[in-house]
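# Close look at the chain arrangement
For reference, the chains in residue letters:
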Amino acid sequence: MIEPSGRRERKKAATRQKIADSALRLFLERGYEAVGIRDVAADADVAVTTVFAHFASKEALVFERDQDFEQRLTRAVTDRPPHEPLIPALHREVEALVRHCTAEGSAPVRRMIEGSPALREYEESMSLRHAQALAAVLAADPDLSRSATACRAIARFAIDAFALACRADEPEATVDEVFRMIKAAWEATAP
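Here we summarise the structure given alongside this text. (Residues numbered from 1 in each chain as written. Predicted model: local features only at pLDDT ≥ 70, side-chain atom pairs only at ≥ 80, totals over all residues. Heavy atoms only, no water.)

### Thoughts on the overall build of the protein
Within the protein, the secondary structure is distributed over ten helices and zero strands. Listing the helices and strands of the protein from first to last along the sequence gives α-α-α-α-α-α-α-α-α-α. Once the C-alpha set of the protein is aligned to its principal axes, its extents read approximately 55 × 40 × 25 Å. Taking all 191 residues of the protein together, 41% fall into the buried category. Counted over contacts in the protein with a minimum sequence separation of 6, partners at least 24 positions apart contribute 68%. Surface exposure of the protein reaches about 10,900 Å², of which carbon and sulfur atoms provide 53%. Between the mean site of the 27 positive side-chain charges and the mean site of the 31 negative ones, the protein shows a separation of 5 Å. (Helix = DSSP H or I, 4+ residues; strand = E, 2+ residues; numbered from the N terminus. Buried < 20%, exposed > 50% of the residue type's maximum accessible area, 1.4 Å probe, protein only. Contact = heavy atoms within 4.5 Å. Areas by Shrake-Rupley, 256 points an atom, 1.4 Å probe, with all protein chains shown as cover. Lys, Arg positive; Asp, Glu negative; His and termini not counted. Charge placed at Lys NZ, Arg CZ, Asp CG, Glu CD.)

In structure tokens form, the structure reads like this:
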């Protein structure tokens, strides 16, 4: 995550993190459905409006690193060194993101998401948005020269690689396997 530079930005980031931490703790203790926004606000010692100033919905509290995730994926494309192939750069970033989602202590959060229809639906819509953002940066890169369809497909495959790996018994092997397919698909779309 990018660290905010100014005092005001640091304070806002700290408040956002405090709210997210309170929400996650309450969700895990009581169950996602049993906790309301007012509960989160009270626990974080902020106003309900402050919660909504930082998070658009209750579901967004669970996925508080959503924007960071999307930025990391798009930067894997835009910030890679000149002439570095796309697929290895994207593979490394997805692998790093998978390590985070499968880190020690993440299983209760994954179970909570899987057990809630609202969270599963939110996660799916978030994945579609990430795929669209990734496809846009792929299509905008003049060095890649692929069709819009190829960019959308590869972006979706990369997002799906993450999702599959986070639920797999062997996450790293899953990422590697899916990225072998992604590499073959990418090469097949070369002009």
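### Describing the nonpolar core
With 29 residues, the main nonpolar core has Leu90, Val94, Leu138 and Phe179 as its most contacted residues. For this core, the secondary structure elements donating two or more residues are helix H5 (66–78), helix H6 (86–101), helix H8 (117–140), helix H9 (148–167) and helix H10 (171–188). Element by element, the count of residues in this core is highest for H9, at nine residues. With residues near it in sequence (within four places) discarded, leucine 138 still touches Val77, Leu86, Leu144, Cys151, Ile154 and Ala155. (Core = buried A, V, L, I, M, F, W, Y, C linked by side-chain atoms within 4.5 Å.)

### Re the packing of aromatic side chains
This structure, assessed with the given rule, holds three aromatic pairs. Ring geometry for phenylalanine 27 versus tyrosine 32: centroids 4.9 Å apart, planes at 65 degrees, classification edge-to-face. Of note, lysine 58 hangs over the ring of tyrosine 32, and the distance from its end group to the ring centre comes to 4.3 Å. Over the ring of tryptophan 186 we find arginine 146, and its NZ or CZ is 4.1 Å from the ring centre. (Phe/Tyr/Trp six-rings, centres within 6.5 Å; stacked < 30°, edge-to-face > 60°. Lys NZ or Arg CZ within 6 Å of the ring centre and 35° of its normal.)

### Considerations on the side chain of glutamate 64
Among the secondary structure elements, glutamate 64 is positioned in the loop between helix H4 (58–62) and H5. A relative accessible area of 17% places glutamate 64 in the buried class. Setting aside its immediate chain neighbours within four residues, glutamate 64 contacts Arg16, Gln17, Ala20 and Phe55.

### Overview of the pattern of salt bridges
Enumeration over the complete set of coordinates arrives at 15 salt bridges. Residue glutamate 64 pairs with arginine 65 through a salt bridge whose shortest N-O separation is 3.3 Å. In this structure, lysine 183 engages glutamate 187 in a salt bridge whose closest nitrogen and oxygen atoms are separated by 3.9 Å. Taken together, the residues lysine 183 and glutamate 187, both in helix H10 and four residues apart, mark about one turn of the helix. On the basis of relative accessible area, lysine 183 is assigned to the partly exposed category, the value being 45%. For glutamate 187, a relative accessible area of 49% translates into the label partly exposed. Connected via shared salt-bridge partners are Arg110, Glu114, Glu123 and Arg167. (Salt bridge = Lys/Arg side-chain N within 4 Å of Asp/Glu carboxyl O.)

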